[in-house]
Amino acid sequence: MPQQADCVFCKIVAGQIPSAKVFEDDACIAFLDIGPLADAHLLIVPKEHYERITDMPALEFAAVTLRIPQLARAVMEVSGAEGLNVLQNNGQVSGQAVPHVHIHIIPRRQGDGLGYRWNAGKYPEGKLQQLQRALAGALGT
Ligand code: AMP
Ligand code: ZN
């Protein structure tokens, strides 16, 4: 997937606009989010342009996720956080503002006021099994 001329993260990857880069390898770069939810909030970005993870070859996504543990350890060490969220949005409806795949590492501490509504539902009779069959069918399993 070629770089996209109008994409802010492609421009960061190409070095055309600055970023506070902390890590780079053949597959991805990681830099500080310019609008942090907490100090040391990091973004991990594949070097190739894909809008959503559903567009990505699995091994290219794996090459990016491979780096999560070491980057998360660095974020924990530097921020002194008590925990962290790994967040990855796909599509405007999910909150994705930059249409180039990226993974957030967000440090968390007690009382930080972050979080989101987790309105857990309950399946009506038979619905869970119906979805299980549909997903297994889609997966061919
Ligand atoms: P999302 O809502 O998941 O698409 O997140 C996009 C994130 O990219 C936001 O948290 C922004 O603060 C961040 N962001 C946008 N432009 C830049 C930039 N030039 N450098 C660093 N982070 C950026
Ligand atoms: Zn891009």
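This report concerns the structure included in the present document. (Residues numbered from 1 in each chain as written. Chains lettered and ligands numbered in written order. Predicted model: local features only at pLDDT ≥ 70, side-chain atom pairs only at ≥ 80, totals over all residues. Heavy atoms only, no water.)

Let's shift gears to the nonpolar core. In terms of nonpolar packing, the biggest core is built from 13 residues, with Ile44, Leu71 and Ile105 touching the most fellow members. For this core, the secondary structure elements donating two or more residues are strand S2 (28–32), strand S3 (42–46), helix H3 (68–79) and strand S5 (103–108). If you tally residues by element for this core, the top one is H3, at four residues. Among all residues touching Ile105, those that are not within four sequence positions of it are Ala40, His41, Leu42, Ile44, Ile68, Leu71, Ala72, Val75, Leu84 and Asn85. Membership of the second largest hydrophobic core comes to ten residues, among which are Phe9, Ile12, Ile29 and Phe31. (Core = buried A, V, L, I, M, F, W, Y, C linked by side-chain atoms within 4.5 Å. Buried < 20%, exposed > 50% of the residue type's maximum accessible area, 1.4 Å probe, protein only. Helix = DSSP H or I, 4+ residues; strand = E, 2+ residues; numbered from the N terminus. Contact = heavy atoms within 4.5 Å.)

Let us now look at the side chain of His104. Structurally, His104 is set in strand S5. Within the local environment of His104, its side chain forms a polar contact with the side chain of His41, the two groups lying 2.8 Å apart. Ignoring sequence-local partners within four residues, the contact set of His104 consists of Asp33, His41, Leu42, Leu43, Asn85, Val86, Leu87 and Asn89. (Polar contact = N/O pair within 3.5 Å; in protein donor to acceptor, adjacent residues only side chain to side chain.)

Another aspect to go through is the environment of Val13. Residue position: Val13 is located in helix H1 (residues 8–13). Placed 33 residues apart in sequence, Val13 and Pro46 show a C-alpha to C-alpha distance of 8.6 Å. Setting aside residues no more than four positions away along its own chain, Val13 makes contact with Gln3, Ile29, Pro46 and Lys47.

Attention now moves to the sheet that holds S2. Across the sheet, which stays open at both edges, the five strands sit in the order S1-S2-S3-S5-S4 with antiparallel pairing between neighbours. Because the sheet does not close on itself, it has two edges, and the strands there are strand S1 (21–24) and strand S4 (83–87). Averaged over neighbouring strand pairs, the angle between their axes works out to 20° when direction is ignored. In this structure, S2 lies alongside S3, joined through five bridges in antiparallel fashion. Across the sheet, Leu32 pairs through a bridge with Leu42, a residue of S3. Strand contacts of helix H2 (residues 58–65): S2, S3 and S5, with the helix running at about 25° to S5, the strand carrying the most contacts. (Pairing = 2+ DSSP bridges. Axes fitted to C-alpha atoms, helices over the stretch in contact; angles between N-to-C directions.)

Any link to function would need more than the numbers given here.
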